[in-house]
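# Structural features, examined
Here is what each chain is made of, one letter per residue.
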Amino acid sequence: QQPIVIKFSHVVAQDTPKGLAAEFFAKRAGELTKGKVKVEVYANSTLYKDKEEVEALQVGAVQMLAPSLAKFGPLGAKEFEVFDLPYIFDDYKDLHAVTQGKVGQELMAKLEPRGIKGLAFWDNGFKVFSANNPMKKPEDLKGKKFRIQSSKVLEEQMRTLGALPQALAFSEVYQALQTGVVDGQENPYSNIYTQKMHEVQSHITETNHGYLGYAVIVNKKFWDGLPADVRGQLEQAMKEATDYANSIAKKKNDEDKKAIIASGKTQVYVPTAAERLAFKKALVPVHKKMESRIGADIIKQVYDATGFDPSKL
Amino acid sequence: MNAFIIFVLLLGLMLTGMPISISLGLTVLTFLFTMTNVPLESVALKLFTGIEKFEIMAIPFFILAGNFLTHGGVAKRMIRFATAMVGHWYGGLGLGGVLACALFAAVSGSSPATVVAIGSILLPAMVKAGFPPRFGAGVITTSGALGILIPPSIVMVMYSVATNTSVGALFMAGVVPGILLAFFLGVTTWYRAWKNDYPRQPKASMAERFKAFKDAFWGLMLIVVVMGGIYTGLFTPTEAAAMSAVYAFIIAVFVYKDMTIASIPKILLNSANMSAMLLYIITNAVLFSFVMTNEQIPQALADIIVNSGLGVIGFLLAVNIILLVAGNFMEPSSIVLIFAPIMFPIAIKLGIDPVHFGILMVVNMEVGMCHPPVGLNLYVASGITKMGITELTVAVWPWLLTMLVFLVLVTYWPALSLALPRYLGMI
Amino acid sequence: MLSKVFDHLEEALITFLMGAATLIIFVAVVHRYLSGFDIPVVQDFVLSINMAWAQELCIIMFVWMAKFGAAYGVRTGIHVGVDVLINKLSTPWRNKFIVFGLLAGALFTAVVGTLGATFVWDNGAHYAFYSWFGGNMDGLYEGPTTPDLEWRTWTVYSAIPLGSYLMCTRFLQVAVQFIKTGELPHHDHGHVDGLDDEDTAEVK
Ligand code: NA
Ligand code: NA
């Protein structure tokens, strides 16, 4: 009997946390279903590119993807932009309370009318600021040009700090920093290290102000059409892959932070509790400003899940 | 088996003479309708997203820039400058032609455009000066091929699109081989002229040379704009292409005043026409390579070749032969777009550098453009000189032989291509 | 008469797209370059202008140019094929292959146009038309938007069905013309407008 083939396409290299987790899922899916399912992983955009993969999944041309959460806003699920809000999560505990809890499920449900079934959230990590000047307080970012991912929420975040957002493709960031097209940027340590950004930035402040992550999604029609036992086994494989993905993402960020410090090219500054609070106070107003776009309801639900109360800040 | 059916179908359709883009597209559709369960909607999606990439947009920009340069008097001034520099040596205007082609290649991304720009001015002048028509045709047809090796290069953009290799690194990798090939072609020209005692130009005085340089200066500056801009990171390659189009427009209309504002719409339309044709091939080639990837054909081929013990030397030899054969029937963009996705995974598995592999493909394309039955440069030269293809074929052979020797050098000496981009820290 | 007007519209559209896209990228680059200069007030003003959409718009314009330009290209005979073999055939046989090639082009573009139209319809056009004209919206989905300009992607993707159907029409027109007159549009790669003996005489 022919195995059921799941084409799992992604846009990053094989040896990144996401790439490794995809391979891990492929292996476990084969084992748990006893060969009834064969997961073919296509790395590096060989099958579909960043811009087209979600639409390809919707028409059923590919079964499984792990796009960055930023992809769901343009799809019409603006609620997903909640993940771009600065200081919406204080730490991994807050984050997982949302992604692995009821709110996460409700967010994934927003994708179903669009023919997509969300299976899991995979972490990349928390973002830090890098620039060519020390940043101990929010005012230190004022007037600087910061590269952001194309996102209306991140644009507002930078404007709130008095900085000037410039949306640039990820692949262009290194050169833009090197030539001074922009002064700074925000990313998790692992992205900074793999793109060698620390070579052209003198300072990093570990603000951990924002989150970068992925969602593993499948074509809904395909998923609902699977035999129930197979679906259960795949869910188990996905659960294991998610734990694996999150743990290696965290490990990679920790390792790359050490490597950046060891390189001696960038000073890594960990703000004190009071300094971090100042950043948080400066940035939390972005939540209110973006309320009409993202939805007050979803922001409130996240607050409830994490126990955050902006009025008590 | 599937791979076999796909290729036979493609070959069969192509030989009926229908446009290559259409044969690619029909092959994909036939395959999707009969042999696989990939939803057809993905074809529609790919038809848009296949070219939805900023890097690809360098192609229309470079074509537009090339047209402004050709019509705007830049080519003319480069020829005068080149002739003033080397015209008094054996080979005279011919040697000037090689240099002018190299200079023009450094601002234009296409080979046929280089042949048109330099050839349509220089070839009649050479005949008037007493050169046999064959000699001039041979020089310009082959030197024009420098257009895709010396950056900028549309074919390199195509390779980068097909393999996700950095355009900037490819451009830099083309510089040294480009200069070397220009030198080789120059030596061949000089030798043939010396042996047959062809006419030489009177030696230009320093003042004349300086004046020729001053006249050509604004055109030559474009080399700085494009290469300097990309190298310093001021522009991405696509932005550099757009900047060079605007710059060429300003030079042609306001500095050299060889072009009127009224002629602009026509040039825009012609550029759009040519660009659309290339983008249409790209679209369908992307679709074709998508179907192959989806069937895991390149991956399977890579495994076969790697396990066959063919090795790097044997593989590269095979690549050269296949590409030279393909060069008999198709034009470069189609060849690169069809073959690069198949050959690239094998090259990577064998540890060949992607940038070196790209330069190797480009040099193969250069050779293919200069020999019959299909060779764009030949067609263009035939259009200019009104010589038949058979006669032209005889005319180009000394230079073609030189190019083949050069091809071997590029193939088995990676450092020739890789030293500069490596020195600049781009790879 | 009407078809002449239509031809001119087609030419005007692709001419405009080519020129405008070039200008947009030029302005975006100059803008980014200027924003690098640390001049008080001026820098703030320059940075307050958002040009983040420039790349996206350029891509959309060029894709439209490509789809409509491809149709125009059928009319100007610019799409090249491998004609080595059929050129060796006798004229009647060669003509059969040429007609076959043109009809194959018409078939391909018609199929692709239909696939594209279906895709555009499912990807948001259905929703849009029903919400404008009051249809039953159950289970319909408004479709994605582009990331920067936040335009509906179905409007952007409409280039595929529109361009392909136009191209199909052009293939059929050329086929009919060929059968009637034996003439094919031909693109001469060696020809350059405005270069004549006057230019060549200047080189000495
Ligand atoms: Na060139
Ligand atoms: Na050839």
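Small disclaimer: the values here were computed from a predicted structure and weren't measured.

### So, the overall build of chain A
Along chain A, the regular secondary structure elements total 13 helices and 9 strands. On C-alpha atoms alone, chain A measures out to a radius of gyration of 20 Å, which is about the 20 Å that the 2.2 N^0.38 rule sets for 313 residues. In terms of its C-alpha atoms, chain A occupies a principal-axis envelope of roughly 65 × 40 × 30 Å. Per-residue burial over chain A gives 55% buried out of 313 residues. Looking at chain A alone, contacts between residues at least 24 apart form 76% of all its contacts between residues at least 6 apart. Placing the 44 positive and 39 negative side-chain charges of chain A at their respective mean positions leaves the two points 1 Å apart.

### Considering the overall build of chain B
From N to C terminus, chain B includes 20 helices and 0 strands. Its C-alpha atoms give chain B principal-axis dimensions of roughly 70 × 45 × 45 Å. Relative to its full complement of 427 residues, chain B shows a buried share of 65%. Taking all contacts inside chain B whose residues are at least 6 apart in sequence as the whole, residues at least 24 apart take part in 79%. About 13,800 Å² of surface is accessible on chain B, with carbon and sulfur atoms providing 71% of the total. Each charge class in chain B was averaged separately, 19 positive and 14 negative side chains, and the resulting centres sit 15 Å apart.

### Re helix α6 (residues 159-181) of chain C
The terminal C-alpha atoms of α6(C), which comprises 23 residues, lie 32 Å apart, in line with the 33 Å expected from a rise of 1.5 Å per residue. Following α6(C) by one or two positions, C:Gly182 has its phi on the positive side, about 75°.

### Quick look at the interface of chain A and chain B
Each partner contributes to the interface: chain A provides 18 residues, whereas chain B provides 19 residues. Summed over both partners, the interface of chain A with chain B comes to about 1,600 Å²; 53% of that surface belongs to carbon and sulfur atoms. At the boundary of chain A with chain B, the tally comes to 1 salt bridge. For B:Lys46, the salt bridge is made with A:Glu52, and the minimal N-O distance between the two is 2.7 Å.

### Examining the interface of chain C and chain B
The interface of chain C with chain B comprises 66 residues on the first partner and 74 residues on the second. Summing the contributions of chain C and of chain B, the shared interface buries around 6,300 Å²; its carbon and sulfur component is 77%. Where chain C touches chain B, the interface holds 0 salt bridges. Applying the counting rule to chain C against chain B returns 2 residue pairs in polar contact (both at pLDDT 80 or more). Taken together, the elements giving at least two residues each to the side of chain C that touches chain B come down to α1 (2-34), α3 (54-76), α4 (91-133), α5 (153-157), α6 and α7 (197-202) of chain C. In terms of residue class, the side of chain C that touches chain B is made up of 41 nonpolar, 17 polar and 8 charged.

### Describing the pattern of salt bridges
When the charged atoms of two side chains with opposite charge come close together, those side chains can pair. Applying the stated criterion to the full structure yields 36 salt bridges over all chains. As a salt-bridge pair, A:Glu40 and A:Lys38 come within 3.3 Å of each other at their nearest N and O atoms. Relative accessible area serves as the criterion here: at 12%, A:Glu40 is assigned to the buried category. Among the residues examined, A:Lys38 registers a relative accessible area of 40% and is labelled partly exposed. Here A:Lys220 makes a salt bridge to A:Glu112, at a shortest N to O gap of 3.8 Å. Within this pair, whereas A:Lys220 is found in helix α8 (residues 220-224), its partner A:Glu112 is found in the loop between α4 (102-109) and β4 (116-131), the two being separated by 108 residues in sequence. You can call A:Lys220 partly exposed: its relative accessible area is 22%. Relative accessible area serves as the criterion here: at 29%, A:Glu112 is assigned to the partly exposed category. The structure contains a network of salt bridges with shared partners spanning C:Asp7, C:Glu10, C:Glu11, C:Arg75 and C:Arg170.

### Some remarks on the nonpolar core
Of all hydrophobic cores here, the largest spans 282 residues; its most connected members are A:Phe80 and B:Phe357. The greatest single-element share of this core, amounting to 18 residues, is contributed by helix α13 (residues 264-294) of chain B. Those residues in contact with B:Phe357 that lie beyond four places of it in its chain are B:Tyr159, B:Phe315, B:Leu316, B:Val319, B:Met343, B:Phe344, B:Ala347 and B:Ile352. Ranked by size, the runner-up nonpolar core spans 25 residues in total, among them A:Phe25, A:Val37, A:Val39 and A:Leu226.

### What about the coordination of the sodium ion (ligand 1)?
Around the sodium ion (ligand 1), the protein supplies B:Ala105 (O), B:Ser108 (O), B:Gly147 (O), B:Ile150 (O) and B:Pro152 (O) as donor atoms, at distances of 2.2 to 2.4 Å. Written as a sequence motif, the donor arrangement for the sodium ion (ligand 1) is A-x2-S-x38-G-x2-I-x1-P.

### Digging into helix α17 (residues 354-369) of chain B
Quick reminder: α-helices carry 3.6 residues per turn. Residues three or four places apart thus point the same way. Residue and element names in this part refer to chain B. If you check α17, its first and last C-alpha atoms are 23 Å apart, about what 16 residues at 1.5 Å a residue would give, namely 22 Å. Burial analysis of α17 places 15 of its 16 residues in the buried class, which makes it a mostly covered element. Sitting at the amino-terminal end of α17 is Asp353, which places a side-chain oxygen 2.8 Å from the backbone nitrogen of Val355.

Conventions and cut-offs
- Residues numbered from 1 in each chain as written.
- Chains lettered and ligands numbered in written order.
- Predicted model: local features only at pLDDT ≥ 70, side-chain atom pairs only at ≥ 80, totals over all residues.
- Heavy atoms only, no water.
- Helix = DSSP H or I, 4+ residues; strand = E, 2+ residues; numbered from the N terminus.
- Rg over C-alpha atoms; globule rule 2.2 N^0.38 Å.
- Buried < 20%, exposed > 50% of the residue type's maximum accessible area, 1.4 Å probe, protein only.
- Contact = heavy atoms within 4.5 Å.
- Lys, Arg positive; Asp, Glu negative; His and termini not counted.
- Charge placed at Lys NZ, Arg CZ, Asp CG, Glu CD.
- Areas by Shrake-Rupley, 256 points an atom, 1.4 Å probe, with all protein chains shown as cover.
- Expected span 1.5 Å × (residues − 1).
- Buried area = accessible area lost by both parts, 1.4 Å probe.
- Salt bridge = Lys/Arg side-chain N within 4 Å of Asp/Glu carboxyl O.
- Polar contact = N/O pair within 3.5 Å; in protein donor to acceptor, adjacent residues only side chain to side chain.
- Nonpolar A, V, L, I, M, F, W, Y, C, P; charged D, E, K, R; others polar.
- Core = buried A, V, L, I, M, F, W, Y, C linked by side-chain atoms within 4.5 Å.
- Donors = N, O, S within 2.8 Å, 3.2 Å for Na, K, Ca; no water.

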